[in-house]
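Structural characterization, general
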Number of protein chains: 2
Amino acid sequence: MIVSDDKNWVMSMSFYTEDSLKAELHERGWRLTPQREIILDIFQNLAAGKHLSAEDLYELLKSEGHDISLSTIYRTVKLMARMGILRELELAEDHKHYEINQPYHHHHHLICVRCNQTIEFKNESVLKIGDKTSKKEGYHLLDCQLTIHAVCPSCQRSILPVS
Amino acid sequence: MIVSDDKNWVMSMSFYTEDSLKAELHERGWRLTPQREIILDIFQNLAAGKHLSAEDLYELLKSEGHDISLSTIYRTVKLMARMGILRELELAEDHKHYEINQPYHHHHHLICVRCNQTIEFKNESVLKIGDKTSKKEGYHLLDCQLTIHAVCPSCQRSILPVS
DNA sequence: CCCTAATTCAGACTTATTCTCAATAAGGCT
DNA sequence: AGCCTTATTGAGAATAAGTCTGAATTAGGG
Ligand SMILES: [Mn+2]
Ligand SMILES: [Mn+2]
Ligand SMILES: [Zn+2]
Ligand SMILES: [Zn+2]
């Protein structure tokens, strides 16, 4: 399900029910499976600011008694990212992270390139820039993320280890 | 070599000579090698808007008669990214790209999540936001990138292939 | 209830990136 | 100019994130 606001850009709605997820999948000729429902449920109930890798999600599901294969997890998060339901984050680690894509919780990341410590921050103008830019090019906006690479205070003080 | 401007944030200077690169390496107890000099030279003379993967760089160097190992290339681009000399771009492909980090050429990416087509755009406020945010947290800014995920006009029209 | 095509699952596979370690060489010092 | 320490390189092995395959399952339309 898609919601347009007064500024005329489109963004996924904040919360999916079984029905709205099913409707959005069916729009594209896809199906609602228990696996997809369960995975979306995890992300919808994740604490604000938490994000999961595919492996994280796999373990979390297993701990809750859901035996969903890694292949399905990889396929599902990619699918939901391409639908605009999830955000795909490229943080400092060597794997992707995912979180729900909700305007209300929209935020960005400040990453230390040495120790990988990451701080989240909000900024109202970023989404406006993303909106303006994508509209100008005729793109349909799904998500926009500002990623800042920097050196944290603690790493500025420490001696650099040899690469 | 580091340059501070009137706004008090720090950013690598636009152009490196053998001496300035050497100085910046020595500050950290590192060495200037022919390989590092050659690799930086490639990036400094790359057409604006071009970016290279490690493999791209390896082939380009080979075509110019420079036999630098892939290991060294991976190590060097990562090193230079952590120094703020290069930007590490996470585009839609499954490998990283690098380009020189110069305020003058500072730009961002609008990516189609379906066909991976990428458009570069400039925006003056993004760097200001990155500056303000990193300063507020006491971080030393190296680079900031706005990445917009969206669906391009052509992909909006086409039928969706099954994932 | 049937049928078709989408989806799942297990496991093989791919491949970007990192690691290891012996050989080399940068650069500080005399 | 030669010496010494240690950072760096290079070749190849290793790692691991993510994708692909093919048979079995199942969603959902009729
Ligand atoms: Mn992680
Ligand atoms: Mn590429
Ligand atoms: Zn740090
Ligand atoms: Zn496209």
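The shown structure was predicted, so the numbers you read here are calculated from the model rather than taken from an experiment.

**Things to note about the protein's contact with DNA strand D**
Near DNA strand D there are 23 residues, and of these His26(A), Arg31(A), Arg36(B), Thr72(B) and Arg75(B) occur at the shortest range. Counting only the atoms of DNA strand D within 4 Å of the protein, the fraction contributed by sugar and phosphate is 72%. In the environment of DNA strand D, a phosphate oxygen lies 3.3 Å from a nitrogen or oxygen atom belonging to the backbone of Lys96(A). The side chain of Arg36(B) places a nitrogen or oxygen atom 2.6 Å from a phosphate oxygen of DNA strand D. For the surface near DNA strand D, the secondary-structure elements that each account for two or more residues are helix 1 (18-26) and helix 4 (70-83) of chain A together with helix 2 (34-44) and helix 4 (70-83) of chain B. Residue composition of the surface near DNA strand D, grouped by class: six nonpolar, eight polar and nine charged.

**Comments concerning the relation of the copies chain B and chain A**
Taken as rigid bodies, chain B and chain A are interconverted by a rotation of 180° and an axial shift of 0.0 Å, the fit giving an RMSD of 0.1 Å. The symmetry that links the two subunits is that of a two-fold axis. Ranked by how close their C-alpha atoms come to the rotation axis, the residues of chain B are headed by Leu146(B), at 2.1 Å. Interface overlap between copies is the fraction of interface residues in one copy that are interface residues in the other; for chain B against chain A it reaches 100%, indicating a shared surface.

**Examining the coordination of the manganese ion (ligand 2)**
Residues and elements named next belong to chain B. The protein atoms that coordinate the manganese ion (ligand 2) are Glu-93 (OE), His-95 (NE2) and His-97 (NE2), at distances of 2.3 to 2.7 Å. Taken in chain order, the donor set of the manganese ion (ligand 2) reads E-x1-H-x1-H. For His-95, a relative accessible area of 33% gives the class partly exposed.

**Some points on the interface of chain B and chain A**
How big an interface is tends to be expressed through the accessible area that disappears when the partners come together. In this assembly, 44 residues from chain B lie in contact with 44 residues from chain A. Carbon and sulfur atoms make up 63% of the area that chain B and chain A hide from each other, which totals about 3800 Å². Summed over the shared surface of chain B and chain A, the number is zero salt bridges. Taken together, chain B and chain A are joined by twelve residue pairs in polar contact (both at pLDDT 80 or more). The element best represented in the side of chain B that touches chain A is strand 7 (residues 140-151) of chain B, accounting for twelve residues. By the bridge criterion, eleven bridges tie strand 7 (residues 140-151) of chain A to strand 7 of chain B in an arrangement that is antiparallel. From the neighbouring strand, His140(A) faces strand 7 of chain B, where its bridge partner is Val151(B).

**Topic: the coordination of the manganese ion (ligand 1)**
Residues and elements named next belong to chain A. For the manganese ion (ligand 1), the full set of protein donor atoms is Glu-93 (OE), His-95 (NE2) and His-97 (NE2), and the range of their distances to it is 2.3 to 2.6 Å. Linear spacing of the donor residues for the manganese ion (ligand 1) on their chain is E-x1-H-x1-H. For His-97, a relative accessible area of 3% corresponds to the buried category.

**Examining the layout of surface pockets**
Computed from the structure, the largest pocket encloses a volume of approximately 870 Å³. If you trace the largest pocket, you find 47 residues lining it, with Glu90(A), Leu91(A), Glu90(B), Leu91(B) and Lys96(B) closest to the centre. The set of elements that each furnish at least two residues to the lining of the largest pocket consists of helix 4, strand 3 (86-89), strand 5 (108-112) and strand 7 of chain A together with helix 4, strand 3 (86-89), strand 5 (108-112) and strand 7 of chain B. Classifying every residue of the lining of the largest pocket gives 16 nonpolar, twelve polar and 19 charged.

Parameters and conventions
- Residues numbered from 1 in each chain as written.
- Chains lettered and ligands numbered in written order.
- Predicted model: local features only at pLDDT ≥ 70, side-chain atom pairs only at ≥ 80, totals over all residues.
- Heavy atoms only, no water.
- Near = heavy atom within 4 Å.
- Polar contact = N/O pair within 3.5 Å; in protein donor to acceptor, adjacent residues only side chain to side chain.
- Helix = DSSP H or I, 4+ residues; strand = E, 2+ residues; numbered from the N terminus.
- Nonpolar A, V, L, I, M, F, W, Y, C, P; charged D, E, K, R; others polar.
- Least-squares fit on C-alpha atoms with pLDDT ≥ 70 in both.
- Contact = heavy atoms within 4.5 Å.
- Donors = N, O, S within 2.8 Å, 3.2 Å for Na, K, Ca; no water.
- Buried < 20%, exposed > 50% of the residue type's maximum accessible area, 1.4 Å probe, protein only.
- Buried area = accessible area lost by both parts, 1.4 Å probe.
- Salt bridge = Lys/Arg side-chain N within 4 Å of Asp/Glu carboxyl O.
- Pairing = 2+ DSSP bridges.
- 1 Å grid on protein atoms, 1.4 Å probe; cavity = no way out; pocket = protein on both sides within 12 Å on 5 of 7 lines; lining within 4 Å.
- Points joined across faces, edges and corners; volume = space filled by probe spheres on them.

Geometry only, nothing functional implied.
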